[in-house]
Amino acid sequence: MPAVSKGDGMRGLAVFISDIRNCKSKEAEIKRINKELANIRSKFKGDKALDGYSKKKYVCKLLFIFLLGHDIDFGHMEAVNLLSSNKYTEKQIGYLFISVLVNSNSELIRLINNAIKNDLSSRNPTFMCLALHCIANVGSREMAEAFASEIPRILVAGDTMDSVKQSAALCLLRLYKTSPDLVLMGEWTSRVVHLLNDQHMGVVTAAISLITCLSQKNPDEFKTCVSLAVSRLSRIVSSASTDLQDYTYYFVPAPWLSCKLLRLLQCYPPPEDGAVKGRLVECLETILNKAQEPPKSKKVQHSNAKNAILFEAISLIIHYDSEPNLLVRACNQLGQFLQHRETNLRYLALESMCTLASSEFSHEAVKTHIETVINALKTERDVSVRQRAADLLYAMCDRSNAKQIVAEMLSYLETADYSIREEMVLKVAILAEKYAVDYSWYVDTILNLIRIAGDYVSEEVWYRVIQIVINRDDVQGYAAKTVFEALQAPACHENMVKVGGYILGEFGNLIAGDPRSSPLVQFNLLHSKFHLCSVPTRALLLSAYIKFINLFPETKATIQEVLRCDSQIRNSDVELQQRAVEYLKLSSIASTDVLATVLEEMPPFPERESSILAKLKKKKGPGAVSVTELEDSKREGGELNGGGDRGPDTASTPSPSADLLGIRSAAPVGAAPASAGSLLVDVFSEAGTTTTLPSSSLFWLLFVCKNNGVLFENQLLQIGIKSEYRQNLGRMYLFYGNKTSVQFASFTTTPQLNVQTKPVEPLVEGGAQIQQVLNIECLTDFSDAPLLNIKFRYGGALQNLTLKLPVTINKFFQPTEMTSSDFFQRWKQLSQPQQEAQKIFKANHSMDTEVLKAKLLGLGTALLDNVDPNPENYVCAGVIQTKGQQVGCLLRLEPNAQAQMYRLTLRCSKDSVSRRLCELLAEQF
Amino acid sequence: MMRFLLLFSRQGKLRLQKWFTPISEREKKKIIRDMTSMVLARQPRSCNFLHWKDLKIIYKRYASLYFCLAIENQENELLALEVIHRYVELLDKYFGNVCELDIIFNFEKAYFILDEFLMGGEIQETSKQMVNRSIEASDMLQETMEEYMSKPAF
C-alpha cells in the first residue's frame with residue numbers, strides 16, 4: 001500500500017489492487033478477478049439500490065480490471081448514472097470510465113450526451129471541463145452532431161473562464177478533425193483568430209492548435225493570423241527568461257507556444273507585408289543567434305526546449321526556401337549538431353538536413369558535411385541514427401559525389417540491419433542509375449548489390465539492369481565479362497544466376513573469343529548452378545541454353561543432351577517440361593535461318609519515360625489521385641528470356657530516369673517524407689515565389705471538356721498539354737516552351753508528388769521546347785486536381801509557379817449507351833437524395849446546340865438521343881473507372897434559351913462524384 | 001498532435017494508457033505489444049526517437065517506468081520529450097516523489113492529472129502552477145475522507 005493517498009481514498013479499491021499484485025501466477029490473478037467481477041455483477045443486479053460511493057468504487061474497480069487487459073462487458077450503465085451525480089468525484093470517475101471504455105458507436109451515447117448537455121449548461125467551470133474532455137475523448141459523430149454548434153459559442157463567449165476556453169478550443173479541434181463537415185465556419189472564426197492576442201498564455205497555447213488546423217484547411221479565411229502570430233512570436237523571442245513566469249520552462253520562454261507559432265506560420269507563404277516579414281526574419285535570426293549563446297542551464301530540459309524552437313525555426317526557413325542567408329545559417333547550425341555529444345541532436349540534425357539538401361540554396365552547403373555523415377553511417381551505435389545518415393546521404397547525392405556515396409552505402413550494406421536492407425538496396429539502385437555516367441560503373445554497382453544483398457534485391461532491380469544492358473551497346477561486352485566473372489564464385493546468389501543467364505544468353509558471344517570463356521565453358525558454368533535454383537530461374541536458364549544453340553552451334557549437341565535427359569524432359573513441373581520439349585524440338589527441326597530469326601537478340605526496350613510516382617495523398621474527403629508508373633502494373637513476367645510482349649523495335653536508349661522509384665512506391669525514399677498527407681502540403685506547396693501566378697483557374701476550366709491545348713502562358717513560358725485517357729489510366733504530355741531568347745537554367749518541374757524525380761532537362765534553350773510525360777492512375781474518386789510546381793532561373797531571377805494540372809474526375813469516364821427505358825430505370829435506382837446533385841445557373845457561353853453537344857461529348861460520357869421526352873434537353877450516361885471501383889453516372893442538362901439559364905442534374909452511384917461533377921460542369925456552359 | 005501515451009514498467013507491464021484517437025481494442029493491444037517490445041529492446045544511451053509506421057515514437061525512462069509517446073510526423077521530437085518530462089513533474093508535485101506504486105494505486109489520479117495537461121492530443125496547459133491549481137481545486141470539491149471511510153469497504 002502506498003503511503004500517500006491524497007483526496008479521497010477508496011479503501012476497497014486499494015485492497016483489491018494489493019490483492020492482484022500479490023497474486024503469484026496469472027491463473028491466481030484471473031481467479032481473483034473473476035471473483036471480483038462476480039461480486040460486482042451481483043451488487044449491480046441486486047435489489048438494494050447502491051449508494052453513489054459504492055457505485056463509484058465498483059466502476060473504478062471495473063476500470064482497473066479493464067486496464068489490466070481484461071474485457072469488461074457490463075457496468076456501462078452504472079458509469080453513465082455516475083455522470084449525473086452531483087458529487088464531483090463520482091462524476092469524475094463516471095467520465096473517466098466512459099472516456100476509457102466507451103467506443104464511439106455505443107448505444108449509450110444518447111444518454112451520455114444528455115449528461116454532457118447538462119454539465120455544459122451548468123456554468124460550473126469544473127463540470128464544463130469534464131464534459132468537454134469527454135467529448136474530446138470519445139469524439140464520435142453523434143457527439144459532434146449534438147455539440148458542434150454549441151462549443152464555438154462557449155469558446156468565444158465573453159464570460160467564459162479561461163480554463164473552459166482552453167478545453168473548448170481543443171475539444172472543437174477534435175470535433176473538427178473527426179467531422180469537419182459539422183463544424184461550420186461563422187462569425188466565431190474571426191474571434192478565434194484573435195485569441196492569439198489573449199492575455200492568458202494557456203489560452204493562446206490551446207487555441208493555436210485549433211487555429212493551425214483550421215488554417216491548413218481554410219488558409220484564406222484565416223490569413224490574418226499570420227501577422228498576429230509574428231507579433232506574438234516576436235514578443236516571446238525578445239522577452240527575458242523571467243518575463244513569462246510559469247510559462248518559462250527551464251529558462252526558455254514559452255517553448256510550446258513558440259513552436260506552435262512557428263508551425264502555424266508554415267501553413268502560409270512568407271508574409272507579403274514588408275514590415276511583418278522583416279519582423280519575422282528578425283525573430284528567426286534571434287533564434288539562430290541564441291543557439292550560439294552559452295546555455296543558461298546545464299539541464300537537458302533547457303537545451304531540449306531551446307533546440308526544439310531552433311528546429312522548428314529551421315523548418316520554417318526550409319518551408320520558405322527563399323532566404324539563402326538563413327538557409328545557409330541553418331545548415332551550419334545543423335552541421336554543428338552533427339558532431340554533438342547528444343545522440344538525439346545528431347539524429348535530428350541528420351533528419352533535418354535531408355530537407356535542406358533538396359533546396360537549391362543549401363544543397364551545396366549540405367554537401368560539405370559528407371565526411372561527417374559517412375562517418376556517422378559507419379560509427380553510430382544506434383541503428384535509427386545510422387538509418388537517418390543513410391537517408392541523408394541519399395538526399396545529398398548528386399553527380400559530383402555519387403560514386404563516393406554509392407560506394408559507402410554498398411559497404412554499409414554488408415553489415416546493415418536486416419530491417420533496412422531492402423530500402424538501402426533500392427536507394428543504391430536508384431542512385432546508381434540516376435547518376436551513372438559510364439554504364440560499366442552502373443553494371444558493377446548492381447552486380448555488387450546482388451552479391452552483397454542478393455536476398456533483398458527485388459525483381460525490379462535486376463529487370464532494370466538487364467533493360468539497360470540490352471539498350472546500350474557500349475556496355476554489353478563489359479556486362480558479359482563481369483557476370484561471367486561473378487558466376488565463378490562458388491556460392492552466388494540466385495539473382496546473380498538470373499542476370500548471368502540472361503546476359504550470357506544474349507551477349508555471351510562477345511566474350512567467347514577468349515578461351516577462358518569459350519562457349520562450352522560459359523555453358524558449363526551456368527549449368528553448374530542449375531540444380532541449385534528455383535523453378536523460375538531454371539526456366540530462364542533453359543531459355544538461355546536455346547539461345548546458346550543459336551549463338552554457338554558448337555554447343556548444340558551438349559545442350560540437346562541436357563534437354564533430352566529425363567530430369568528435363570520428364571520434369572514434374574509443367575513449365576520446365578514444356579520448355580525442354582519445345583526447345584529440343586526447335587533445335588532439331590528448325591533450319592539455322594529460322595533458328596536465328598526466332599532466337600534473335602532482344603530488341604531494345606522501349607524508352608522509359610521519366611516517371612512520377614507516389615500517391616497524391618487524400619487531401620479532402622474520400623478522394624485521392626495517384627500518378628504512378630504504368631510499367632508498375634504491367635511488369636514483365638517471371639522470365640524475360642523466353643519471349644513475351646515486347647515494345648516496338650525502336651533503337652532508343654533509356655534515359656537515366658528515376659524509373660526504379662516507381663517500382664516500390666511504398667518504400668520510403670530519402671528526403672521526401674511521402675507518408676504524411678498533411679506534410680505533403682508543407683513540403684511541396686513551395687511558397688518561395690518571386691513571381692506568383694495569378695490563378696490560372698480559367699485556363700484550367702477549359703480542360704474539363706477537352707484534352708489538348710495551352711494550359712498556361714506568360715511572357716516567358718508557354719505550357720502545352722496533350723493527354724489521353726483509357727479506363728482508369730491516363731497519360732499526359734507536357735510541353736514547356738521557352739518564349740524568350742535566353743536560356744532557362746535550373747529548370748525543374750515538380751508535380752506535387754515526389755521531389756526526387758527530376759525528369760526534365762535542367763536547361764531550356766531560348767526558343768526551345770522540352771517535353772515531359774506523366775502517367776496517371778486514378779485510384780479512387782477525387783476533387784482536388786494535382787498541382788505542378790515549376791521552378792527555373794531566367795536571367796538572375798528565380799521563377800516559381802504552381803499550376804493545377806487539368807486532371808479531373810470526368811477524364812476517367814467510359815461512355816455508356818443505353819435505351820430510354822434503361823436510362824429511366826437507372827435514374828430511378830439512384831434516387832437517394834445524396835446521390836443527386838443539382839444546380840441552376842446562368843449561361844456563360846453560347847447556347848448553340850452543336851457547341852453544347854461537343855462539350856458534352858468532350859466530357860467523356862455518351863450523349864443519348866431520344867431519351868428525354870423534351871428534345872431540347874440533353875441526357876448523358878457514363879461510368880467513371882477508378883482502380884478500386886466503378887461509379888455509374890447519369891446526367892441531365894435542361895437549357896432554357898429565353899432565360900439564358902440551365903438546370904443541371906447529376907445522379908451517380910457515389911455521392912461525392914455527383915457533387916464534384918456538378919461543380920465542374922456548372923462552369924462549362 | 002499526439003496519438004497515444006503509454007507508461008509501462010521494465011517488465012513490460014502496462015501502467016497507464018491514453019489514446020487520443022479512437023482505436024479498436026484489438027489494435028490497441030497490438031500497439032502496446034509492439035511498443036513494449038520495441039522500446040524495451042533499445043540499448044541504453046540510444047537516441048530517444050523511433051520511427052514506427054507513419055508516427056514518431058518518443059520514449060524516456062524514469063526509474064523503473066518507461067514513458068512512450070507517439071506523435072504525428074510533423075511534430076517536434078524534442079518538445080515531445082519535454083511533454084513527458086512535464087508530466088513526470090506534475091505527477092511528482094502531486095504525489096510528492098512519485099514512484100511506480102503511486103501510479104498503480106492511484107491510476108485514476110494519474111489520468112486526471114494528464115487530462116489537465118493534455119487534451120485531444122494537444123497541449124492544454126503548460127504551466128505547472130495552473131495545472132496544480134486545478135487539480136487542487138478539484139480535490140477541494142471532493143467529499144471529506146471521513147465521510148468515505150465510514151462507508152463499508154465492500
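Residues numbered from 1 in each chain as written. Chains lettered and ligands numbered in written order. Predicted model: local features only at pLDDT ≥ 70, side-chain atom pairs only at ≥ 80, totals over all residues. Heavy atoms only, no water.

Draft legend 1. Main features of the overall build of chain B. Scanning chain B from terminus to terminus reveals six helices and seven strands. Helices (α) and strands (β) of chain B occur, in sequence order from the N terminus, as β-β-α-β-β-β-α-α-α-β-β-α-α. Across the 154 residues of chain B, 62% fall into the buried class. Sequence-distant contacts in chain B: of pairs separated by 6 or more residues, those separated by 24 or more amount to 46%. A total of about 6,100 Å² of accessible surface is found on chain B, and carbon and sulfur atoms cover 52% of it. (Helix = DSSP H or I, 4+ residues; strand = E, 2+ residues; numbered from the N terminus. Buried < 20%, exposed > 50% of the residue type's maximum accessible area, 1.4 Å probe, protein only. Contact = heavy atoms within 4.5 Å. Areas by Shrake-Rupley, 256 points an atom, 1.4 Å probe, with all protein chains shown as cover.)

Draft legend 2. Inspection of the overall build of chain A at higher detail. Each helix and strand in chain A was counted, giving 39 helices and 15 strands. Counting only carbon and sulfur atoms, one obtains 50% of the accessible surface of chain A, whose full area is about 38,500 Å².

Draft legend 3. Spatial organisation of the side chain of Q522 of chain A. Residue and element names in this part refer to chain A. Mapped onto the elements of the fold, Q522 is located in helix 28 (residues 519-530). Engagement of the side chain of Q522 in a polar contact is seen with the backbone oxygen of S517, the distance being 3.2 Å. Discounting residues that sit within four places of it in the chain, Q522 has contacts with F484, L504, G508, I511, A512, S517, F548 and F552. (Polar contact = N/O pair within 3.5 Å; in protein donor to acceptor, adjacent residues only side chain to side chain.)

Draft legend 4. Region of interest: unusual backbone geometry. All names here are of chain B. Of note in this structure, R45 is not a glycine but carries a positive phi near 65°. Of note, R45 is situated in the loop between helix 1 (25-40) and strand 3 (49-52). Its identity as a non-glycine residue notwithstanding, A63 has a phi of 50°, on the positive side. Relative to the elements of secondary structure, A63 occurs in the loop between strand 4 (55-62) and strand 5 (65-72).

Draft legend 5. Structural context of the packing of helix 26 (residues 473-487) of chain A against helix 27 (residues 494-507) of chain A. Residue and element names in this part refer to chain A. At a closest axis distance of 9 Å, the pairing of helix 26 and helix 27 adopts a crossing angle of 135°. Viewed along their axes, helix 26 and helix 27 adopt a mutual orientation that is oblique. The element helix 26 and its partner helix 27 pack so that their crossing is left-handed. In contact with Q476, A479, A480, V483, A486 and L487 of helix 26, helix 27 contributes M496, V497, V499, G500, I503, L504 and F507. In terms of residue class, the contact of helix 26 with helix 27 is built from 11 nonpolar, two polar and no charged. (Axes fitted to C-alpha atoms, helices over the stretch in contact; angles between N-to-C directions. Parallel < 35°, antiparallel > 145°, perpendicular 65-115°, else oblique. Left-handed = near helix turned anticlockwise from the far one by under 90°. Nonpolar A, V, L, I, M, F, W, Y, C, P; charged D, E, K, R; others polar.)

Draft legend 6. How the structure looks around the packing of helix 25 (residues 459-471) of chain A against helix 26 of chain A. Residue and element names in this part refer to chain A. Contact pair helix 25 / helix 26: the axes reach a minimum separation of 6 Å and the direction vectors enclose 120°. It follows from the interaxial angle that helix 25 and helix 26 lie oblique. Contacts between helix 25 and helix 26 involve V469, I470 and N471 from the former and D473, V475, Q476 and A479 from the latter. Split by residue class, the contact of helix 25 with helix 26 holds four nonpolar, two polar and one charged.

Draft legend 7. Summary view of the nonpolar core. The biggest cluster of nonpolar side chains holds 276 residues, and the ones touching the most others in it are I112 and I116 of chain A together with Y87 of chain B. Top contributing element to this core by residue count: helix 2 (residues 77-95) of chain B, with 12 residues. Those residues in contact with I112 of chain A, other than ones at most four positions away along the chain, are V80, L83, I98, V102, C134 and M143 of chain A. Formed by 60 residues, the second largest nonpolar core is a distinct cluster that contains F712, I770, F841 and L856 of chain A. (Core = buried A, V, L, I, M, F, W, Y, C linked by side-chain atoms within 4.5 Å.)

Draft legend 8. How the structure looks around the sheet that holds strand 3 (residues 709-713) of chain A. Residue and element names in this part refer to chain A. Spatial ordering of the open sheet is given by 3-4-5-7, a layout of four strands whose pairing is antiparallel. Since the sheet does not close on itself, it has two edges, and those belong to strand 3 and strand 7 (769-777), each with one partner. For this sheet the average axis-to-axis angle between neighbouring strands, irrespective of direction, equals 25°. Direction of pairing for strand 3 relative to strand 4 (residues 717-726): antiparallel, over a ladder of four bridges. The partner of G709 across the bridge, within strand 4, is I721. (Pairing = 2+ DSSP bridges.)

Draft legend 9. Expanded view of helix 25 of chain A. Residue and element names in this part refer to chain A. Between the first and last C-alpha of helix 25 there are 18 Å, a value that for 13 residues agrees with the 18 Å anticipated at 1.5 Å per step. Counting buried positions over the 13 residues of helix 25 gives 12, a clear majority of the element. For helix 25, the complete set of buried residues consists of E460, V461, W462, Y463, R464, V465, I466, Q467, I468, V469, I470 and N471. Against the buried residues of helix 25 lie helix 23 (418-434), helix 24 (439-453), helix 26, helix 27 and helix 29 (535-551). (Expected span 1.5 Å × (residues − 1).)

Draft legend 10. View of the sheet that holds strand 2 (residues 14-19) of chain B. Reading across from one edge, 2-1-5-4-3 (chain B) is the order of the five strands in this open sheet, with antiparallel pairing throughout. At either margin of the open sheet sits one strand with a lone partner, and together these are strand 2 and strand 3 of chain B. Across the sheet, the mean angle from the axis of one strand to that of its neighbour is 20°, orientation sign disregarded. The pairing of strand 4 of chain B with strand 5 of chain B spans eight bridges and is antiparallel. Along strand 5 of chain B, the bridge assignment pairs K56 of chain B with I71 of chain B. Sitting on the sheet, helix 18 (residues 343-357) of chain A is in contact with strand 3 and strand 4 of chain B, with an inclination near 45° to strand 3 of chain B.

Draft legend 11. The arrangement of the interface of chain B and chain A in detail. Opposite the 71 residues of chain B that make contact, chain A presents 92 residues. K260 of chain A is the partner of E122 of chain B in a salt bridge, and the nearest nitrogen-oxygen pair spans 2.6 Å. Remark: the boundary between chain B and chain A carries 28 residue pairs in polar contact (both at pLDDT 80 or more). Per-element accounting of the side of chain B that touches chain A gives the leading share, 11 residues, to helix 2 of chain B. A breakdown of the residues in the side of chain B that touches chain A according to their chemical character gives 30 nonpolar, 17 polar and 24 charged. (Salt bridge = Lys/Arg side-chain N within 4 Å of Asp/Glu carboxyl O.)

Draft legend 12. Quick peek at the state of the cysteines. Residue and element names in this part refer to chain A. For the structure on display, the rule yields zero disulfides over all chains. With no disulfide of its own, C918 has C908 as its nearest cysteine by sulfur position, at a separation of 9.3 Å. On the accessibility criterion, C918 (3% relative accessible area) is buried. (Disulfide = S-S within 2.5 Å.)

Draft legend 13. Examining the pattern of salt bridges more closely. Residues and elements named next belong to chain A. Scanning the entire structure with this criterion turns up 47 salt bridges over all chains. When the shortest N-O distance is used, the salt bridge between R388 and D391 registers 3.3 Å. Placement of both R388 and D391 in helix 21 (residues 383-396) is noted, with a separation of three residues, approximately one turn of the helix. Overall, R388 belongs to the buried group, its relative accessible area being 9%. Here D391 falls in the buried class, since its relative accessible area comes to 8%. Where R516 meets D514, a salt bridge forms, and the shortest distance between an N and an O atom there is 2.8 Å. Bridged by salt links that share partners, the residues D19, R32, E36 and K61 form one connected network.

Draft legend 14. How the structure looks around the confidence of the model for chain B. In the predicted model, chain B carries a mean pLDDT of 89, and the fraction of residues at 70 or more is 91%. The ipTM for the predicted assembly is 0.93, set against a pTM of 0.67. (pLDDT = per-residue confidence, 0-100.)

Draft legend 15. Up close: the environment of N738 of chain A. Residues and elements named next belong to chain A. Secondary-structure assignment places N738 in strand 5 (residues 729-738). Classification of N738 as buried rests on a relative accessible area of 4%. Considering only alpha carbons, one finds N738 and L716, 22 residues apart in sequence, at a separation of 6.2 Å. Beyond its immediate chain neighbours, meaning those up to four positions away, N738 contacts L716, Q743, F744, V764, E765, G766, G767 and A768.

Draft legend 16. Highlighting the confidence of the model for chain A. Residue and element names in this part refer to chain A. Taken as a whole, chain A shows an average pLDDT of 82; of its residues, 87% reach a score of 70 or greater. The least confident element of chain A, judged by mean pLDDT, is helix 35 (residues 677-684) at 30; the most confident is helix 14 (residues 255-265) at 96. Counted against residues more than four places away or in other chains, residues 1-7, with its pLDDT under 50, gives 15 contacts. Long-range and interchain partners of residues 753-758, a stretch whose pLDDT sits below 50, account for 23 contacts in this model, where long-range means more than four residues apart.

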